[in-house]
Amino acid sequence: MHRSIIRFAEQHWQCPARCVSSAVRRRKVLRSAFPVLDQPLLPIQRHVYEANLRHSIACRKKYSELKEKVRKGGGESGIARHTQRNRKLLVRDRLHLLLDDEDFLELSPFAGLGLPYGDIPSAGCLTGIGRINGLWCLFIANNATVKGGTAYPITVKKQLRAQEIAIQNRLPCVYLVDSGGAFLPLQSEIFPDKNQGGRTFYNEAIMSAMKIPQVAVVCGSCTAGGAYIPTMAEEAVMVHRIGTIFLGGPPLVKAATGEEVTPEELGGARLHAEVSGCVDHFAWEEKEAFDYTRNIISTLNFQLPEEEEEGVKKDAGEEPLFSSEELLGLAPQSYGHSLDVKMTEAFTSTLTSNLGFRSNFAQIISRLTDGSRFQEFKARYGTTLVTGFAKISGHLVGIVANNGVLSCDAALKGSHFVQLCDQRDVPLLFLQNTAPAAALTLSAAQAEANSNRLKAQGSMMSAVACASVPKITVVIGGCHGADSYAMCGRAFDPNFLFLWPNARVSLTAPGHAASLLPPDEEQQEENLNERLKEESSAFFSSGRMWDDGVVLPQDTRKVLGDSLDIIKQQRYQLSTEKQRPVVLRV
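Residues numbered from 1 in each chain as written. Predicted model: local features only at pLDDT ≥ 70, side-chain atom pairs only at ≥ 80, totals over all residues. Heavy atoms only, no water.

Under the annotation held in an unreviewed UniProt entry, the protein carries the name methylcrotonoyl-CoA carboxylase and is attributed to Nothobranchius kuhntae. Entered under Catalytic activity (unreviewed entry) in the UniProt record, the comment concerning the protein runs "3-methylbut-2-enoyl-CoA + hydrogencarbonate + ATP = 3-methyl-(2E)-glutaconyl-CoA + ADP + phosphate + H(+)". Comment text from UniProt for the protein, heading Pathway (unreviewed entry), reads "Amino-acid degradation; L-leucine degradation; (S)-3-hydroxy-3-methylglutaryl-CoA from 3-isovaleryl-CoA: step 2/3." (UniProt positions renumbered as here; feature names shortened; annotations may be inferred.)

Now the structure itself:
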């Protein structure tokens, strides 16, 4: 009797939810008339703007140099070996055949640069999200020009992060497999632990159980652990002559049995399509393999909006009133170069009451949102945190942006706003530029204020951690200390986290090491500040996969629009409620 009541209750609550979601797709979005942020640059801000601009131009130069480096992959010799001797397509050429166009969101392109064991451009694989037949799909594509496709610890980390994004956003996943297996000298950092090599296969099984489609294209070697990727995918395509799947290659067979066997005889496409049944589609060449893959994606159970099905670009929303290029001068080279509200008070006393709108973040927000419109929430309270609603590429978002030290009042305001967005199912966008160091305690009054602030920040952290809505974080300045947790840093699991090239990521900002050390430690302080300067840069962070990529300020609006499109797509998948066993092969 008790079980039947529970079953009835589940049916009672689940059925209306499905009906409501289907009705929402047919309904028009509510109109909004948010106030316009009219935020032109003022003369007093010009010197700070120009200093920031010079720094941003230097950062963009380094960004372009690293971008060119990772595009070359394994260099001329690696490319020649891959294309001429092995007669295989380059990874970006493969993506050109797979995706609808070249307008895809690449994830963590600088991963693997500057590591203790050397540079591994793009961590030896490309990951990203692009459209296949109008459907956003995540891809994980090995780049065999880099170290022959060998997997390093950073390679595994990048692949796991890509799978995590696919799970979080329910994205179909396509694996382009061309890997020589693990780099054995670093096996202790690849094989044994929970979030290392074996987790890839665990994730594949979990994704199948969640009804997240997975397709593998074997367009190169699948050796050792890599052999499980296509065999655990729901459908697999294999290319004749260049694709192979085996646990141990011909050299190991000869060493063990003395038998000489070719790679094609041991684990080629004919064997696995006709004998073992490990793959489902045999392709004579790579182009045919990607045609098969596109056809497989067309069988997935998604019902896209009509304009996306027909390949018509969705309306990107009203453009901001100000040029996105101006963001280069608004990207602070340091915390002291943020364009603060106080810089405008000398100009006009009539604007002092509108504290939130005359801040650096109001200027940044006005260059990101549709029509430069923004509906501020609690504008007069906790003014060191800006909160409010806006639209980006037609998507309604709740914006949470630092505008100074995250005070007690600001943290309480942030907690309130995050819970409000969670209640209304509105995605959250965090624009992060936290204070460079923790507040000092030099008096009883400061101790009391810091205690209250600590409690309020704990409340905001709880609200952010428990919010079930999608979250995107962009670090546009500093990412330091506990404030960064409350602003949905990496540990708080945002759907996407991006950095501007000027961003700094460290426990405390360079030049503020004294806040962590006892008095009279000048030499140690100097050494620590030098280390912080090197290790806090955006490129150091991205090389270690502490983010999902470095984006230029002027590209931020497009990246956010694509990210929100990607997050929204899961609404269009049909029948996702019931989990089922994974697909088992013959």
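Side note on the sheet that holds strand 11 (residues 395-402)
Spatially, the 6 strands line up as an open sheet ordered 9-10-11-12-13-15, and their pairing is mixed. A single partner strand is all that each edge strand has here, and the edge strands are strand 9 (375-376) and strand 15 (496-499). Pairing geometry for strand 10 (residues 385-392) and strand 11, over 8 bridges, is antiparallel. Within the sheet, the bridge partner assigned to Val-386 lies in strand 11 and is Ala-401. (Pairing = 2+ DSSP bridges. Helix = DSSP H or I, 4+ residues; strand = E, 2+ residues; numbered from the N terminus.)

Remarks on a negative patch on the surface
Residues Asp-520, Glu-521, Glu-522, Glu-526 and Glu-530 make up a contiguous surface patch of negative charge. Looking at where Glu-526 falls in the secondary structure, it is placed in helix 19 (residues 522-535). (Patch = residues over 30% accessible without salt bridge, like charges linked within 9 Å, V, L, I, M, F, W, Y side chains within 5 Å. Areas by Shrake-Rupley, 256 points an atom, 1.4 Å probe, with all protein chains shown as cover. Salt bridge = Lys/Arg side-chain N within 4 Å of Asp/Glu carboxyl O. Lys, Arg positive; Asp, Glu negative; His and termini not counted. Charge placed at Lys NZ, Arg CZ, Asp CG, Glu CD.)

Some words on the environment of Glu-325
As for its position among the elements, Glu-325 is in the loop between helix 12 (306-309) and helix 13 (327-330). Classification of Glu-325 by relative accessible area gives partly exposed; the value is 40%. Each C-alpha atom of the pair Glu-325 and Leu-552 lies 9.7 Å from the other, and the pair is 227 residues apart in sequence. Setting aside residues no more than four positions away along its own chain, Glu-325 makes contact with Arg-60 and Gln-554. (Buried < 20%, exposed > 50% of the residue type's maximum accessible area, 1.4 Å probe, protein only. Contact = heavy atoms within 4.5 Å.)

Here we look at the packing of helix 16 (residues 408-424) against helix 17 (residues 444-466)
One way to put it is that helix 16 packs onto helix 17 with a least axis distance of 8 Å and a crossing angle of 15 degrees. The pairing of helix 16 with helix 17 is recorded here as roughly parallel in orientation. The two elements helix 16 and helix 17 cross, and the hand of that crossing is left-handed. In this structure, helix 16 uses Cys-408, Ala-411, Leu-412, Gly-414, Ser-415, Val-418, Gln-419 and Asp-422 to contact helix 17, whose residues at the interface are Asn-452, Arg-453, Ala-456, Gln-457, Ser-459, Met-460, Ala-463, Val-464 and Cys-466. Considered class by class, the residues forming the contact of helix 16 with helix 17 number 9 nonpolar, 6 polar and 2 charged. (Axes fitted to C-alpha atoms, helices over the stretch in contact; angles between N-to-C directions. Parallel < 35°, antiparallel > 145°, perpendicular 65-115°, else oblique. Left-handed = near helix turned anticlockwise from the far one by under 90°. Nonpolar A, V, L, I, M, F, W, Y, C, P; charged D, E, K, R; others polar.)

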